[in-house]
Amino acid sequence: QVQLVESGGGLVQPGESLRLSCAFSGSIFSIYLMGWYRQYPGRQRELVARITSGGTSGGRTDYADSVKGRFTISRDNARNTVNLQMNNLKPEDTAVYYCYLNCDFKSYGSRFNYWGQGTQVTVSS
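### Regarding the nonpolar core
Working step 1: Formed by 32 residues in total, the largest nonpolar core has its most connected members in Trp36, Leu84, Met86, Tyr97 and Leu101.
Working step 2: Of all the elements in the fold, those that place two or more residues in this core are β3 (18–25), β4 (28–39), β5 (46–52), β7 (71–76), β8 (81–86), β9 (95–105) and β11 (119–123).
Working step 3: If you tally residues by element for this core, the top one is β9, at six residues.
Working step 4: Sequence-distant contacts of Leu101, that is, excluding residues within four places in its chain, are made with Val2, Leu4, Phe24, Ile28, Ile31, Leu33, Met34, Phe112, Asn113 and Tyr114.

What follows is the structure, encoded as structure tokens:
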């Protein structure tokens, strides 16, 4: 079984920063996509940022328009971790943030989706 554990959420004031981390473990092969989603009360879960394991640069990133220029997603292959640096936080960023992993489990070609438990981020003055 693949496990994802998030950390780094909390309460901050507008303009401050937080860093979310997601550590994953298990019999993982061929990681295709890692990312962060968030969910507001009463709404569908939505994409915040994602990063691929391929590409000539070693990782291709994509961001929601609302977080471009403020959030940065990154990988730490040595620690099997994906991170989200969140700068200049706004009250609109208040949500539960979920780590996401799309990979092959135990063998190549299986392509499973995995989710973390979620971590609360609250931005308030």
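### Some thoughts on the state of the cysteines
Working step 1: All told, the structure shown has one disulfide when counted by the stated rule.
Working step 2: Free cysteine: Cys103, not disulfide-bonded; nearest cysteine sulfur from Cys99 at 11 Å.

### What to know about the sheet that holds strand β1 (residues 3–7)
Working step 1: The strand order β1-β3-β8-β7 describes an open sheet built from four strands, whose pairing is antiparallel. Of all the strands in the sheet, the pair left with one neighbour each is β1 and β7. The sheet shows a mean angle of 15° between the axes of neighbouring strands, direction not considered.
Working step 2: Two strands pair when backbone bridges link them, and β1 and β3 are joined in this way by five bridges, in the antiparallel orientation. Its bridge partner lying in β3, Ser7 is registered against Ser21.

### Some points on the pattern of salt bridges
Working step 1: Under the counting rule described, the total for this entry stands at six salt bridges.
Working step 2: The salt bridge involving Glu46 is made with Arg38; its shortest N-O contact spans 3.6 Å.
Working step 3: Residue Arg38 is classed as buried on the basis of its relative accessible area of 3%.
Working step 4: With a closest N to O distance of 3.0 Å, Asp93 and Arg38 form a salt bridge. In this pair, Asp93 sits in the loop between β8 and β9 while Arg38 sits in strand β4, placing the two residues 55 residues apart along the sequence. The burial state of Asp93 is the same as that of Arg38; both residues are buried.
Working step 5: Salt bridges linked by common partners bring Arg38, Glu46, Arg70 and Asp93 together as one network.

Conventions and cut-offs
Residues numbered from 1 in each chain as written. Predicted model: local features only at pLDDT ≥ 70, side-chain atom pairs only at ≥ 80, totals over all residues. Heavy atoms only, no water. Core = buried A, V, L, I, M, F, W, Y, C linked by side-chain atoms within 4.5 Å. Buried < 20%, exposed > 50% of the residue type's maximum accessible area, 1.4 Å probe, protein only. Helix = DSSP H or I, 4+ residues; strand = E, 2+ residues; numbered from the N terminus. Contact = heavy atoms within 4.5 Å. Disulfide = S-S within 2.5 Å. Pairing = 2+ DSSP bridges. Axes fitted to C-alpha atoms, helices over the stretch in contact; angles between N-to-C directions. Salt bridge = Lys/Arg side-chain N within 4 Å of Asp/Glu carboxyl O.

The quantities given are spatial measurements derived from coordinates; they are silent on function.
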